[in-house]
Amino acid sequence: MAKGRNRRDKAVRDQYEQLPYPPRNPEDEKTRLITGSPSQLDEVNHYLFRGEQDFSGPFRALVAGGGTGDAAIMLAQQLADRGDEGTVTYLDLSSASRQVVEARTRVRGLKNIEFHTGSLLNLPDMGFEPFDYIDCCGVLHHFEDPEEGLAALKSVLADGGGMGLMVYASLGRTGVYHIQEALKLLVGDENPEKQLPLAKAFVEGLPSTNWLVRNPFVGDHKMGEDAAFYDLLLHPRDRSYLVPDVIDLLKTSDMELVTFLEPVKYDPENFVKDRDVLKRIRQMNDADKAALAENLTGNIKTHIFYARKSGDLPGNIAETGPDMIPVLAERTPAEALAQTFRGKKIFQVSFDGEKVNFNLPDRISELVSLFDGNRTLSDIQTEMSLGGDGFRRLFAPSFKLLNSLNLLWLRKKGT
Ligand SMILES: C[S@@+](CC[C@H](N)C(=O)[O-])C[C@H]1O[C@@H](n2cnc3c(N)ncnc32)[C@H](O)[C@@H]1O
C-alpha cells in the first residue's frame, strides 16, 4: 500500500517536472495579466474579509501547488498595483514549474513573491508565520489523501483568514475517467515519451459512442499541448468531487464553505421554470440547492470555492451598507456593462449553450455606469436622486444578479 503510494507520489512529481502545467510563456507577461477565480483581490476581500481588508503589510498569501504561477502572479501584481506591502509565498513540488514563475516574475519586475520548492504536506513543519489567505487550485485532487493535504494547509491558516480552492467536479468530466482507466491498461507502464503518441492515437480513434467524445464540455486534450493532454488523460492520480463531497472534504479539517463560484451556477432556481418545482427548491438549504444544481445542469467541470475555519466569527461575506463601494471585476468596465444593459428588460446568459434569461431592474444601466470603484452606495444613491426604498429596490436585485455572475463585489470605503 505505502509502496504504491510512494510510486504514485513520484509519478505525480515526475509529471510536473517534465510537463509544467499549465504551459506558460514568460514573455506573454509583457502584454497581458491572467486573472481568474479564486484569488482576485477584490473577490477575496468580499468573500473572506467582509470587504474590510486593506491588504497592506503584513497581509500574507500562500499559493500552495502554485504550478506555473497564474495565481501567484495575479495576486502579487494586484497587491503591487495598490502599492500595498502584502506578500505572496509560492510553494510547489516541481522545480521546473518554479522556474517558469520566476521568469514571469522577472518580466513583470515583481518583488513581492517568495519561492519555495517542496510538498505542501510539509507546511506544518516549514516554520511559516500563519497566512491570511491560501490559494490551492487543482492540487488536492492529485493527492493520495486530499484530507491530509487540506489539514496541512489549515495548519498555516491564520484565524479569521480563508482559502480559495479548486477541485475537479465529477459530472462535467464525464468520460475523462473512462479514458484514464483505458490508457492505464494500454500504456500505464510506459514513460511519458512512449505514452503520449500512443495515447493520442487512441483518443483520436475513439468511436462516437464514447463518453468523452460525447462530452462537449471537456476540450483540454484538443488544445495541441502535450502538458494539457497529459494532465487530463494520463495523470497518474486524480479524482473528482460532487458538491456534497466538497462539503465533506472541508468538514474533515473543521472548515466550512463560504461560497462556490460563480454562485449563479449553483442556484437551481436559474435553471428551472415549473412553479411547483421552484416552490419546493425554495424550501431547500443552500448546500442541497447547490447539489441539485450540479445534478441538473451536468456541465460543472471544476468546483471553485472559498472556505474558512468552522465557527470563525463574524460572518465574512461583505454586506450592503452606505459606506460600501461596489467594485466590478477588472475585466468588466462599467461603461461597457452599462451599454450591454441599456434599453433592455432581459439579460440573456449562455451556460455552455444553455440560455438563461434574467430580468433586469429599471435603471440598472444608469446604476452600473456609476460603479467607478470610488463611489459608495450612499454617493450613488444621491446621484440617482433616489430615496432609501427606491434605491434598495434597484440595488438589491442588481447586486444579486451581478454578484451571482461574479462580476461585482463590495469593498468598504477607506480600505
Ligand atoms: C494542475 S497543477 C495546478 C497549478 C496551479 N495551482 C494552477 O491552478 O494553475 C498542480 C500543481 O500541484 C503541484 N503539486 C502536486 N502535489 C503537490 C504537493 N504535495 N505539494 C506541492 N505542490 C504539489 C504540482 O507540482 C503542480 O504544479
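Rules used throughout
- Each residue is numbered by its place in its chain's sequence as written, counting from 1.
- Local features are withheld for residues below a pLDDT of 70 in this predicted model, meaning they are given only at 70 or higher, and side-chain atom pairs are given and counted only at 80 or more; totals for whole chains, interfaces and linings count all residues.
- The side-chain values count all of the structure's non-hydrogen atoms but skip hydrogen atoms and water molecules.
- What counts as a helix is a DSSP run of H or I of at least four residues, what counts as a strand is a run of E of at least two, and both are numbered from the N terminus.
- Atoms counted for the radius of gyration: C-alpha only. Globule rule: 2.2 Å times residue count to the power 0.38.
- Contacts are assigned to residue pairs with any non-hydrogen atoms lying within 4.5 Å of each other.
- In this description, accessible areas are obtained by the Shrake-Rupley approach with a 1.4 Å probe, and a residue is regarded as covered only by the protein chains that are shown.
- Any residue with a heavy atom positioned within 4 Å of a molecule or strand is treated as near that molecule or strand.
- Any N or O atom pair separated by 3.5 Å or less is treated as a polar contact, with the protein-specific requirement of one donor-capable and one acceptor-capable atom, and with residues adjacent in sequence counted only for side-chain atom pairs.
- Ten residues, namely Ala, Val, Leu, Ile, Met, Phe, Trp, Tyr, Cys and Pro, are considered nonpolar, four, namely Asp, Glu, Lys and Arg, are considered charged, and the remaining ones, Gly among them, are considered polar.
- In this scheme, strands are said to pair when DSSP sees at least two bridges between them.
- Simply put, an axis is a line fit to the C-alpha atoms, just over the touching stretch for a helix, and the angle between two N-to-C directions goes from 0 to 180 degrees.
- Put simply, buried Ala, Val, Leu, Ile, Met, Phe, Trp, Tyr and Cys residues joined by side-chain atoms within 4.5 Å make one nonpolar core.
- Buried means the residue's accessible area, taken with a 1.4 Å probe over protein chains only, is under 20% of the maximum for its type, while exposed means over 50%, and partly exposed covers the values in between.
- Salt bridges are counted wherever a side-chain nitrogen of Lys or Arg sits within 4 Å of a carboxyl oxygen of Asp or Glu.
- Each domain's limits were defined by an automated method or a database of domain assignments.
- The buried area of a pairing is the accessible area, by a 1.4 Å probe, that goes missing from both parts when the two are put together, added over both.

So, on to the overall build of the chain. Of the regular secondary structure elements, the chain holds 16 helices and eleven strands. For a compact globule of 415 residues, the expected C-alpha radius of gyration is about 22 Å, and the chain comes in at 22 Å, within 12% of that figure. Overall, the C-alpha framework of the chain stretches about 70 × 50 × 40 Å when taken along its three principal axes. Put simply, 79% of the contacts in the chain that link residues at least 6 apart link residues at least 24 apart. With the model as given, the accessible surface of the chain reaches about 19,500 Å², and the carbon-plus-sulfur share is 49%.

All right, on to the site of the ligand then. In the vicinity of the ligand lie 17 residues, with Gly65, Asp92, Ser119, Leu120 and Cys137 positioned nearest. Note that a nitrogen atom of the ligand is positioned 3.4 Å from one of the backbone N or O atoms of Leu93. Residues belonging to the shell around the ligand are distributed by class as follows: eight nonpolar, seven polar and two charged.

Here we come to the sheet that holds strand β7 (residues 302–309). Read from one edge of the open sheet, seven strands run β3-β2-β1-β4-β5-β7-β6, paired in mixed fashion. The open sheet has two edge strands, β3 (113–117) and β6 (255–261), and neither has a second partner. When the angles between neighbouring strand axes are averaged without regard to direction, this sheet yields 20°. The sheet contact formed by strand β1 (residues 60–64) and strand β2 (residues 87–92) spans five bridges and is parallel. Its bridge partner lying in β2, Val63 is registered against Tyr90. Here helix α4 (residues 95–108) sits on the sheet and contacts β2 and β3; the angle it forms with β3, its principal contact strand, is near 165°.

The nonpolar side chains of a soluble globular protein tend to be buried, and buried together. Formed by 35 residues in total, the largest nonpolar core has its most connected members in Leu120, Leu150, Leu153 and Leu165. Mapped by element, the contributors of at least two residues to this core are β1, β4 (131–137), α5 (146–154), β5 (157–168), α10 (243–252), β6, α12 (286–297) and β7. For this core, the element with the most residues is α10, which contributes five residues. Discounting residues that sit within four places of it in the chain, Leu150 has contacts with Leu140, Met163, Leu165, Leu249, Leu250, Ser253 and Met255. Counting 33 residues, the second largest nonpolar core, distinct from the first, contains Val264, Phe271, Phe347 and Leu407.

Glancing now at the pattern of salt bridges. Where charged atoms from two side chains of opposite charge approach closely, those side chains can pair. Scanning the model with the defined rule gives 31 salt bridges in all. Ionic pairing is found between Lys289 and Glu269, a salt bridge with its closest N-O pair at 3.7 Å. Linking Lys289 in helix α12 with Glu269 in the loop between β6 and α11 (275–282), this pair joins segments that are 20 residues apart in sequence. Relative accessible area serves as the criterion here: at 14%, Lys289 is assigned to the buried category. Owing to a relative accessible area of 24%, Glu269 belongs among the partly exposed residues under this scheme. Between Asp362 and Lys345 there is a salt bridge, with its nearest N and O atoms 3.6 Å apart. In this pair, Asp362 sits in the loop between β10 (354–359) and α14 (364–369) while Lys345 sits in the loop between α13 (334–341) and β9 (346–351), placing the two residues 17 residues apart along the sequence.

Attention now goes to the domain arrangement of the chain. Assigned domains of the chain: these are domain 1 (2–169 + 241–309), domain 2 (172–233) and domain 3 (324–412). Here the C-alpha centre of domain 3 lies 27 Å away from the C-alpha centre of domain 1. At the interface, 23 residues of domain 1 touch 18 residues of domain 3. Across the interface of domain 1 and domain 3, roughly 1,600 Å² is buried in total on both sides, 53% from carbon and sulfur atoms. Sorting the residues of domain 1 by area buried against domain 3 places Asp42, His46 and Val264 first, and these three jointly supply 29% of that buried surface. In this structure, Asp42 and Arg411 form a salt bridge, with 3.4 Å as the shortest nitrogen-oxygen distance. On the surface where domain 1 and domain 3 come into contact, there are nine residue pairs in polar contact (both at pLDDT 80 or more). Considered class by class, the residues forming the side of domain 1 that touches domain 3 number six nonpolar, nine polar and eight charged.

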